[in-house]
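Structural features, examined
Listed below, chain by chain, are the residues.
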Amino acid sequence: MKQRGKDFDAALKAKARHTGWRFARGEIFRQKGDWFINVMPSLLWERGAIVRMMVKPMALDPLFWDVVGLSGNEALPLSFRASGAWVLRPPSIDEPIALVASEVELLAAEILDWSNRRAQTVLQNTSLRSMLAELPDEQELRGQHRALAICLNIMMNDLDAANILCEVNDPTPHPLMRDAGGFTTHNSDGSISTFLEQARDWIARKRLNELRAV
């Protein structure tokens, strides 16, 4: 199975060349207009694969990096938006495909074909508002999903909604158990900032700058 995985990666990498898709760490990804698309295939035993597609605006991660003080990440390769630790990951689309195919070359071709067709359909039906609607209700939003919702609201220029999401009425008494928005930053002075705190401060600065510009 390990050798089959290596053979599949080689086949997918070869077939992705000159198609607009790039290959890295077993995944394919691309920028299409204002959107970033990432496809993560996982081989099933002997035949077929489970394919996971994630779609997000190209502007999403740069906004997130600006909030957490990592704007330099914009200079990193495009693949970082797929596999980096400090990125936002919207809910993915998971589908089993090519369940009768066993040859890695055929599987790679089927995955590229599926990716092209699925990406076209998904992009036609995806917007900031639809991404927000796919997330849990506010009471159920936790971790990175809350961070994603905050950034989507900021991108929609709804700072009030974003700011409300920064305030969590969490009855958990222990600080380590409270929702931090999925990310925490260790500052140079030894303090720790949660994403929710950083987002709240970012929104306050943006509002102040807008007032000064009037």
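Structural notes, computed from the coordinates.

Cut-offs used in this document
- Residues numbered from 1 in each chain as written.
- Predicted model: local features only at pLDDT ≥ 70, side-chain atom pairs only at ≥ 80, totals over all residues.
- Heavy atoms only, no water.
- Helix = DSSP H or I, 4+ residues; strand = E, 2+ residues; numbered from the N terminus.
- Buried < 20%, exposed > 50% of the residue type's maximum accessible area, 1.4 Å probe, protein only.
- Contact = heavy atoms within 4.5 Å.
- Areas by Shrake-Rupley, 256 points an atom, 1.4 Å probe, with all protein chains shown as cover.
- Lys, Arg positive; Asp, Glu negative; His and termini not counted.
- Charge placed at Lys NZ, Arg CZ, Asp CG, Glu CD.
- Phe/Tyr/Trp six-rings, centres within 6.5 Å; stacked < 30°, edge-to-face > 60°.
- Core = buried A, V, L, I, M, F, W, Y, C linked by side-chain atoms within 4.5 Å.
- Disulfide = S-S within 2.5 Å.
- Pairing = 2+ DSSP bridges.
- Axes fitted to C-alpha atoms, helices over the stretch in contact; angles between N-to-C directions.
- Expected span 1.5 Å × (residues − 1).

With respect to the overall build of the protein
- Broken down by element type, the protein carries 8 helices and 7 strands.
- Over its C-alpha atoms, taken along the principal directions, the protein stretches across nearly 60 × 40 × 35 Å.
- Considering the protein as a whole, with its 214 residues, one finds that 43% of them fall into the buried category.
- A separation of at least 24 residues holds for 60% of the contacts in the protein among residues at least 6 apart in sequence.
- Total accessible area on the protein is roughly 11,900 Å²; 50% of this is exposed by carbon and sulfur atoms.
- Averaging the positions of the 26 positive and the 27 negative side-chain charges in the protein gives two centres separated by 5 Å.

Quick word on the packing of aromatic side chains
- Per the counting criterion, the structure on display carries 6 aromatic pairs.
- Measuring from centroid to centroid gives 6.0 Å for Trp65 and Phe80, while their planes differ by 45°, and the two rings are tilted. Taken together, the residues Trp65 in helix 2 (residues 60-68) and Phe80 in helix 3 (residues 80-83) connect sequence positions 15 residues apart.
- Under the relative-accessibility criterion, Trp65 is labelled buried at 1%.
- Aromatic rings pair up to connect Phe64, Trp86, Phe183 and Phe195 into one cluster.

With respect to the nonpolar core
- Counting 54 residues, the largest nonpolar core has Ile150 and Phe195 as the members making the most contacts within it.
- Elements that contribute at least two residues to this core include exactly helix 1 (2-16), strand 3 (35-43), strand 4 (49-57), helix 2, helix 4 (104-124), helix 6 (143-155), helix 7 (159-165) and helix 8 (195-213).
- Top element by residues in this core is helix 4. It accounts for 9 residues.
- Those residues in contact with Phe195, other than ones at most four positions away along the chain, are Phe64, Val67, Val68, Ala147, Ile150, Cys151, Ala180, Gly181 and Phe183.
- By size, the runner-up hydrophobic cluster in this structure holds 8 residues, among which are Ala24, Phe29, Met54 and Leu78.

A few points about the state of the cysteines
- Enumeration according to the criterion identifies 0 disulfides in this entry.
- Cys166 forms no disulfide, and the closest cysteine sulfur to it belongs to Cys151, at a distance of 9.1 Å.
- Taking the relative accessible area as the measure of exposure, Cys166 reaches 3% and is therefore buried.

Quick notes on the side chain of Ser115
- Considering the arrangement of structural elements, one finds Ser115 in helix 4.
- Contacts of Ser115, omitting those with residues within four sequence positions, involve Trp21, Ile28, Val39 and Met53.

Quick notes on the environment of Phe23
- As for its position among the elements, Phe23 is in strand 1 (residues 22-24).
- Its relative accessible area of 22% is what places Phe23 among the partly exposed residues.
- The sequence separation of Phe23 and Ala199 amounts to 176 residues, and the corresponding C-alpha distance is 33 Å.
- Contacts of Phe23, omitting those with residues within four sequence positions, involve Asp9, Leu12, Lys13, Ile28 and Phe29.

Some words on helix 2
- Among the 9 residues that make up helix 2, 8 are buried, leaving the element largely enclosed by the rest of the structure.
- Within helix 2, burial applies to Leu60, Asp61, Pro62, Leu63, Phe64, Trp65, Val67 and Val68.
- Turning to helix 2, the residues buried within the fold contact strand 4, helix 3, helix 6, strand 6 (184-186) and helix 8.
- Just downstream of helix 2, Gly69 is the residue with a positive phi angle, here 75°.

Points about the sheet that holds strand 5 (residues 93-97)
- If you trace the 5 strands from one edge of the open sheet to the other, you get 1-2-3-4-5, paired in antiparallel fashion. Of all the strands in the sheet, the pair left with one neighbour each is strand 1 and strand 5. Pairwise comparison of adjacent strand axes, ignoring direction, gives a mean angle of 25° for this sheet.
- Direction of pairing for strand 1 relative to strand 2 (residues 27-32): antiparallel, over a ladder of 3 bridges. By the bridge assignment, Arg22 is partnered in strand 2 with Phe29.

A short note on helix 6
- Over its 13 residues, helix 6 extends 19 Å from the first C-alpha to the last, a length consistent with the 18 Å expected when each residue adds 1.5 Å.
- Within helix 6, 10 of the 13 residues are buried, leaving the element largely enclosed by the surrounding structure.
- Taken together, the buried positions of helix 6 are Gly143, Arg146, Ala147, Leu148, Ala149, Ile150, Cys151, Leu152, Asn153 and Ile154.
- For helix 6, the secondary structure elements touched by its buried residues are helix 2, helix 5 (128-133), helix 7 and helix 8.
- Looking at the residues trailing helix 6, positive phi occurs at Asn157, about 65°.

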